[in-house]
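Inside the fold
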Amino acid sequence: MNPSRKTTLGYLFALFTVLVWGATFIASKQLLVFYTPARIMLMRFVLAYIALWIIRPRPLLLPWKTELRFAALGIAGCSIYFLTENTALLHTTAANVSIIVSAAPILTAVIAHFATDEKLHRNTLWGFLVAFSGVVLVVFNGAFVLRVSPKGDILALLSACCWAIYSVMLRKMPPELDPILVTRRTMLWGLITAVPMAIPGGAFSLAPLSGPLPLFNILFLGLIGSALCYVLWGKAFTLLGVVSTNNCLYLIPFVTIVMAGLTLKEPISPAAVAGAVLITAGVILAQRRKSPVPAQAEQAHPPQTSREALVKDTSEEA
C-alpha cells in the first residue's frame, strides 16, 4: 500500500473511532438511568462478541502463552479500564476524570518508548502540552472549578494507565493474526472478567430495552462503539503506530461536548471552542517528526515489512 494512502486510511479509522467514542458517553449517560455501569459494560461486551462471531465464524486456537496475553488485553483494555473509569466518576467530578484520562496518549508514548520501536519525540511532548491545555478548556467548558478528590483522581489515573498498557500490548501482538479475531478474543476476556462486577445490584431485567432509545443506545455501544471501533482502532495501530493513533484520543472530550450540546442541549462556551483549536493544534504538532531519512540511508536500512501488511488470517479452523 502507498505510504500516504496507508497514513490517510489509518487516520480515517482513528478519527471515525474517536467520533464514535465521544458519542458513547452520551449513550452511556442515558442508559445509567436503568442500569449500573458494570451491567452496561457487560451488555456491550456480549453484543460485541456475538457480532464478531457472526462476522468471522471460526475458532481461534492459540498457545497458552498467547492466550494469557489476550487475557491481559481483555482485563487492561476492557473490564478494568471501564471499572476504574466508571468508579472514578462516583468519587470525583466528570471534569477531573476526563482530564486525567486524557493523559493516556502521553503515558502510551512513554511506555512505547521502552517497550517498542516507537521512540518518544520532543514534538510528542509539546503536542501533549498544547492538546492537554485544550482538553482542560473543553472539559470545564467555561466553568473553571477544580476539586481534588484523591480516591477518584487515582482511579482515573489507573484507567489512563490501563489504556496505555492495553495499547502497547496490542501493538506487540503477533501481526499475522486477523484483527477481527484479535478483537473478539479480547472482548471474550473482557466479558468473562466483567461478569463478577455486574452481579451486584439486584435483579437484572431487559425490560428497559423495550423502549426505542435505550435499545438504540445499547446496540450503538455494543455493535459500533465496541465491536467495530475496537477493530478499526487496532487497524489504525497497524497503519500509524500506537503513539500517533492514541494522540487522536485528545479529540474525544470536544466530540463529547459537541454531542452533548446537540442531544442533551448542554451549552458550548467560547472556552470550549478555544480548547478545540488547541487540541487540534496539539494533535498536529504531536504527529510531526524529523525530516525523512535520505534514500541512500533508507536503502542501507530497509524498514521492516512484517507489521505493514494488514494482517491475514492464519488461525486454525476446526
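Residues numbered from 1 in each chain as written. Predicted model: local features only at pLDDT ≥ 70, side-chain atom pairs only at ≥ 80, totals over all residues. Heavy atoms only, no water.

Overview of the pattern of salt bridges
For clarity, the threshold we go by: The term salt bridge refers to a pairing of a side-chain nitrogen on Lys or Arg with a carboxyl oxygen on Asp or Glu at a separation within 4 Å. Helix and strand labels come from DSSP, where a helix needs a run of H or I of at least four residues and a strand needs a run of E of at least two; each type is numbered from the N terminus. Whether a residue is buried, partly exposed or exposed follows from its accessible area with a 1.4 Å probe, protein chains only, as a fraction of its type maximum: under 20%, in between, or over 50%, in that order.
All chains considered together, the criterion is met by 4 salt bridges. The partner of Arg56 in a salt bridge is Asp178, with the nearest N and O atoms 2.7 Å apart. Within this pair, whereas Arg56 is found in the loop between helix H2 (37-55) and helix H3 (64-91), its partner Asp178 is found in the loop between helix H7 (150-171) and helix H8 (179-198), the two being separated by 122 residues in sequence. By relative accessible area, which is 6% here, Asp178 ends up buried. Of the charged contacts in the structure, one is a salt bridge between Glu118 and Arg171, with a shortest N-O distance of 2.8 Å. Residue Glu118 is found in the loop between helix H5 (104-115) and helix H6 (122-140), and its partner Arg171 is found in helix H7; the two are separated by 53 residues along the sequence. The pair formed by Glu118 and Arg171 is uniform in burial state, with each residue classed as buried.

Here's the deal with a nonpolar patch on the surface
In plain terms, the rule: Residues form patches when they are more than 30% accessible in relative terms and have no salt bridge. Like charges link within 9 Å. Nonpolar side chains (Val, Leu, Ile, Met, Phe, Trp, Tyr) link within 5 Å. In this description, accessible areas are obtained by the Shrake-Rupley approach with a 1.4 Å probe, and a residue is regarded as covered only by the protein chains that are shown.
Taken together, Val46, Ile50 and Ile54 make up a surface patch of nonpolar side chains, about 270 Å² in accessible area. The exposure class of Ile50 is partly exposed, given its relative accessible area of 46%.

Re the nonpolar core
Note the threshold: Throughout this description, the term nonpolar core refers to a set of buried Ala, Val, Leu, Ile, Met, Phe, Trp, Tyr and Cys residues connected via side-chain atoms within 4.5 Å.
Counting residues in each nonpolar core, the largest one holds 84 residues, and the members touching the most others are Trp21, Phe45, Trp163, Tyr230, Trp233 and Tyr250. Considering each element in turn, this core owes the most residues, 12 residues, to helix H9 (residues 212-240).

Some points on the side chain of Ser79
Worth spelling out the cut-off: Pairs of residues are marked as contacts when any of their non-hydrogen atoms sit within 4.5 Å.
By the secondary structure assignment, Ser79 is in helix H3. The exposure class assigned to Ser79 is buried, which follows from its relative accessible area of 1%. Excluding anything up to four places from it in sequence, Ser79 contacts Met41, Phe45, Gly74, Gly190, Thr193, Ala194 and Met197.

What about the packing of aromatic side chains?
The test is simple: Classification of ring pairs rests on two measures: the distance between centres of Phe, Tyr or Trp rings, Trp counted by its six-membered ring, which must be within 6.5 Å, and the angle between planes, read as stacked under 30 degrees, edge-to-face over 60 and tilted in between. For a ring to carry a charge above it, either NZ of a lysine or CZ of an arginine must fall within 6 Å of the ring centroid while also lying within 35 degrees of the normal to the ring plane.
Under the defined criterion, the tally for this structure stands at 14 aromatic pairs. Aromatic side chains Tyr35 and Phe204 sit 5.7 Å apart centroid to centroid with 35 degrees between the ring planes, which places their arrangement in the tilted category. Taken together, the residues Tyr35 in the loop between helix H1 (3-31) and H2 and Phe204 in the loop between H8 and H9 connect sequence positions 169 residues apart. Among the aromatic residues, those joined into a ring-pair cluster are Trp21, Phe45, Tyr81, Phe82, Trp163, Tyr166, Tyr230, Trp233 and Phe237. Above the plane of the ring of Trp53 lies Arg184, whose end atom (NZ or CZ) is 3.8 Å from the centre.

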